[in-house]
Amino acid sequence: MEYTENEILEQLDLAFKGEPSKYYPKVRPQDIKYNFFLDLEHGYCETAGNRIHLYADEKQWAIVFEKSGYQNRATRAEIELDYIGNCIEYPVDKYPERNYITNANNIVLIDSDEYARIENKQAGNDLETFELIDENTKEIKVRNKLIPFNNNYKDYEKIGIELRDYDNPKKLIGFGDLIRYFNEINPSLISASEEEIKKYIPKNLKKLMTIDEFHYDPSTSPSKQETYKLISKILVTKNTSYWKPSLESNNNWKNWESGNL
């Protein structure tokens, strides 16, 4: 079955409103369906990097939103992948009382145990230990690989990272600061692999492009935005030369307030 630009925009609008589409599997009345959209201002996630991946053939299409950041309620750094399309194999969490169907998948970058290991334990009060990295830390385990840790706060400030100014007299690096620093100096370190991105879409579905810079507007339906109109045209035509946005890109984390709850 062929698809149209309007259909793609309709599916994006549904995800924007959090409403599941017709492509979700049939479920029981007690089951719950989630449909997530890219959110660069989430209060529980201190956003770092983000990208949009496009896949399509003559009958199938998929958009995968990718966002990395520090989850302040879960005390871990993660990648969130949100899937929208007509060929998604939606993840299902099964429980005796109900199932949860979602279009999202989360990949842990730094788990809570590692954050507990590196958290500052030398301080004058409790807040000086909260979500700050011990200055004597040499390495941090990211995706089960030890990465050298740079504790020079000046290097963070040079790239626009504002360290916490209260109860932080030593100017220690915050848990979320670290992920943003990695995004600026080595984004591949906290980016999803192609295998991870394609986990819930057909393996033979052709990738058209990855969009690293785009105009993000959280207040307007996707169907009314240039960004998604261009994306829908690219998916239908399979022609990436249509990606010629007139609006300035603003999806960098520096332009949005997040992780503040």
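Provided above is the structure to which this section pertains.
These figures come from a predicted structure and were not determined experimentally.

Remarks on the sheet that holds strand E4 (residues 76–85)
Argument step 1. Sheet architecture is open: 5 strands sit in the order E7-E4-E3-E2-E10, paired in antiparallel fashion. Looking at strand neighbours, the two that pair on one side only are strand E7 (104–110) and strand E10 (207–211), the edges of this open sheet. With strand direction ignored, the average angle separating the axes of adjacent strands in the sheet is 20°.
Argument step 2. In this sheet, E4 lies alongside strand E3 (residues 61–71) in antiparallel orientation, the contact comprising 10 bridges. Bridging from a neighbouring strand, Val64 pairs with Tyr83 of E4.
Argument step 3. Contacts from helix H4 (residues 175–185) reach strand E2 (45–56), E3, E4 and E7, with the element oriented near 40° to E2.

Observations regarding H4
Argument step 1. Taking burial as the measure, the 11 residues of H4 include 9 buried ones, the bulk of the element.
Argument step 2. Regarding H4, the residues found buried are Phe175, Gly176, Asp177, Leu178, Ile179, Arg180, Tyr181, Phe182 and Asn183.

A look at the pairing of strand E9 (residues 145–148)
Argument step 1. Here strand E8 (residues 139–142) runs beside E9; their pairing, made up of 4 bridges, is antiparallel. The residue bridging Ile140 from the neighbouring strand is Ile147, located in E9.
Argument step 2. As consecutive antiparallel partners, E8 and E9 are separated by 2 residues, and within that stretch Arg143 has a phi angle of approximately 55°, a positive value.

A look at the pattern of salt bridges
Argument step 1. Under the defined criterion, the tally for this structure stands at 11 salt bridges.
Argument step 2. The closest approach of N and O atoms between Arg180 and Glu46, which form a salt bridge, is 3.8 Å. Of this pair, Arg180 sits in helix H4 while Glu46 sits in strand E2, and the two are 134 residues apart along the sequence.
Argument step 3. The class of Arg180 is buried, set by a relative accessible area of 10%.

Focus on the packing of aromatic side chains
Argument step 1. For the structure on display, the rule yields 15 aromatic pairs.
Argument step 2. Positioned above the aromatic ring of Tyr166 is the side chain of Arg164, whose terminal nitrogen or guanidinium carbon lies 4.7 Å from the ring centre.
Argument step 3. Cation over ring: Lys233 sits above Tyr242, and NZ or CZ is 5.4 Å from the ring centre.

What about the packing of helix H1 (residues 5–17) against helix H6 (residues 226–237)?
Argument step 1. H6 packs onto H1 with a crossing angle of 130° between their chain directions and a minimal axis gap of 9 Å. Our classification of the angle between H1 and H6 gives oblique. Here H1 and H6 pass one another in a crossing that is right-handed. Listed contacts from H6 to Glu5, Ile8, Leu9 and Leu12 of H1 are Tyr228, Lys229, Ser232, Lys233, Leu235 and Val236.
Argument step 2. In terms of residue class, the contact of H1 with H6 is made up of 6 nonpolar, 1 polar and 3 charged.

Observations concerning H1
Argument step 1. Taking 1.5 Å as the rise per residue, H1 with 13 residues should run 18 Å; its terminal C-alpha atoms sit 19 Å apart, in good agreement.
Argument step 2. Of the residues making up H1, those classed as buried are Glu7, Ile8, Leu9, Gln11, Leu12, Asp13, Leu14 and Ala15.
Argument step 3. Next to the buried residues of H1 lie E3, E4 and H6.
Argument step 4. Taken from the residues just after H1, Gly18 is the one with a positive phi, measuring 75°.

Considering the environment of Thr220
Argument step 1. Position of Thr220 relative to the elements: it lies in the loop between E10 and H6.
Argument step 2. Considering only alpha carbons, one finds Thr220 and Asp13, 207 residues apart in sequence, at a separation of 9.5 Å.
Argument step 3. Setting aside residues up to four positions removed in sequence, Thr220 forms contacts with Phe16 and Gln225.
Argument step 4. Here the side chain of Thr220 touches Asp217 through a polar contact of 2.8 Å, side chain to side chain.

Reading guide: rules and limits
Residues numbered from 1 in each chain as written. Predicted model: local features only at pLDDT ≥ 70, side-chain atom pairs only at ≥ 80, totals over all residues. Heavy atoms only, no water. Pairing = 2+ DSSP bridges. Helix = DSSP H or I, 4+ residues; strand = E, 2+ residues; numbered from the N terminus. Axes fitted to C-alpha atoms, helices over the stretch in contact; angles between N-to-C directions. Contact = heavy atoms within 4.5 Å. Buried < 20%, exposed > 50% of the residue type's maximum accessible area, 1.4 Å probe, protein only. Salt bridge = Lys/Arg side-chain N within 4 Å of Asp/Glu carboxyl O. Phe/Tyr/Trp six-rings, centres within 6.5 Å; stacked < 30°, edge-to-face > 60°. Lys NZ or Arg CZ within 6 Å of the ring centre and 35° of its normal. Parallel < 35°, antiparallel > 145°, perpendicular 65-115°, else oblique. Left-handed = near helix turned anticlockwise from the far one by under 90°. Nonpolar A, V, L, I, M, F, W, Y, C, P; charged D, E, K, R; others polar. Expected span 1.5 Å × (residues − 1). Polar contact = N/O pair within 3.5 Å; in protein donor to acceptor, adjacent residues only side chain to side chain.

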